[in-house]
Amino acid sequence: MTTTAVVGFDQVTKSYGDVRAVDGLTLALHPGETVALLGPNGAGKSTTLDLLLGLRRPDTGTGGTVHVFGTEPREAIVAGRVGAMLQSGGLMDEITVAELVRLACALHPKAYPVADVLARAGLTKIADRKVDKLSGGQAQRVRFALATAGDSDLIVLDEPTTGMDVTSRQAFWATMREQADRGRTVLFATHYLEEADAIADRVLVLHRGRLLADGTAAEIKARAGARRISFDLDGGPDGTIDEPALRALPHLTSLTVSNSGSAAGSGQTVRIQSADADATVHAVYGLGLYPRNLEVVGLGLEQAFVALTAAEEAKQP
């Protein structure tokens, strides 16, 4: 038995004049997944979300299609199956938080009680405050409340924690994990890569409108291939080390040398990024060097993301 994909993009293209924001994009999201959508500025993230939500349509004549729960995006939204929290668009002025949330609940086909929506978003204490008197983080929580005003099967979030403090961000993601545990699909675009690393079951990396990588955070890191090496070296009689020899080490992708702050003042800390850490470390010893405090660690998701997108950019003419 096959399960209909929550979201399906099939060879979708979207252009703005000569700029192709989305270029033959194909992907599918499945029930219960928490998916992070990553990409540098201009990668096509916002356009992808707009296409998913029916705010824009694929270019005609390309044959590309977008389906949400097997239907046109707008049909799924009208049926109350999709909740969205977007960066663009303001909130209504001159009404209170409670009034705005009450309106969202009244419009949703499967609404939750207003009090529950306010409590889930941490808005109960400011329910009577005018929307135009909110801080940036409070306004984000209101947008979150509007996105979760009813029992939606897919929740789409565009930079959801921008402006939130650490406590609010932690509470927000705890709520999102609860939503995913109930079988809902959560898709979020973010520039906070530590959030993607900690929260997402799956990571999608866009680059120039195309899907560059798709996998778990661990798989994305492994695909980047590089590892970080750091160690301390004692300088020679003049307090320096042979940096050109270090830069000639095999599989090196980056190297920095800085003072280690040792009492003698001659120590240097070497930080290396390598595509083959074992071979690089072996070569360090082959130079006759004796590294102290040697550490070899995998890249974090942020470093892996930078490495992947930089490598792809280098291929472009």
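Look up: the structure comes first, before these words.
Residues numbered from 1 in each chain as written. Predicted model: local features only at pLDDT ≥ 70, side-chain atom pairs only at ≥ 80, totals over all residues. Heavy atoms only, no water.

Engineer: Tell me what's going on with the side chain of T34, and back it up with residues and numbers.
Structural biologist: As for its position among the elements, T34 is in strand β3 (residues 34–38). Using a relative accessible area of 7% as the deciding quantity, one classes T34 as buried. Excluding residues that lie within four positions of it along the chain, T34 makes contacts with A180, V186, F188, I199, A200, D201 and R202. (Helix = DSSP H or I, 4+ residues; strand = E, 2+ residues; numbered from the N terminus. Buried < 20%, exposed > 50% of the residue type's maximum accessible area, 1.4 Å probe, protein only. Contact = heavy atoms within 4.5 Å.)

Engineer: Now, about the sheet that holds strand β12 (residues 267–274): what can you tell me, with residues and values included?
Structural biologist: Strand order in the open sheet formed by four strands is β11-β12-β10-β13, and the pairing between neighbours is antiparallel. Either end of the sheet is taken by a strand with one partner, and the two such strands are β11 (252–259) and β13 (292–298). Strand-to-strand twist of the sheet, defined as the mean angle between neighbouring strand axes without regard to direction, takes the value 15°. Across the face of the sheet, helix α10 (residues 277–286) comes into contact with β10 (227–234), β12 and β13 while running at roughly 15° to β10. (Pairing = 2+ DSSP bridges. Axes fitted to C-alpha atoms, helices over the stretch in contact; angles between N-to-C directions.)

Engineer: Tell me what's going on with the pattern of salt bridges, and back it up with residues and numbers.
Structural biologist: This model, assessed by the stated rule, comprises 14 salt bridges. A single salt-bridge network, built from bridges that share partners, covers R20, D23 and R210. (Salt bridge = Lys/Arg side-chain N within 4 Å of Asp/Glu carboxyl O.)

Engineer: Describe the packing of helix α8 (residues 217–224) against helix α11 (residues 301–315), naming the residues involved and giving the relevant values.
Structural biologist: For any two helices packed against each other, one specifies the crossing angle of their axes together with the interaxial distance. With their axes 9 Å apart at the nearest point, α8 and α11 run at an angle of 50° to one another. By the angle between their axes, α8 is oblique relative to α11. Note on packing geometry: the crossing formed by α8 with α11 is left-handed. Packed against α8, whose contacting residues are A217, I220, K221, R223 and A224, the element α11 presents L301, A304, A307 and L308 at the interface. Within the contact of α8 with α11, the residues separate by chemical class into seven nonpolar, no polar and two charged. (Parallel < 35°, antiparallel > 145°, perpendicular 65-115°, else oblique. Left-handed = near helix turned anticlockwise from the far one by under 90°. Nonpolar A, V, L, I, M, F, W, Y, C, P; charged D, E, K, R; others polar.)

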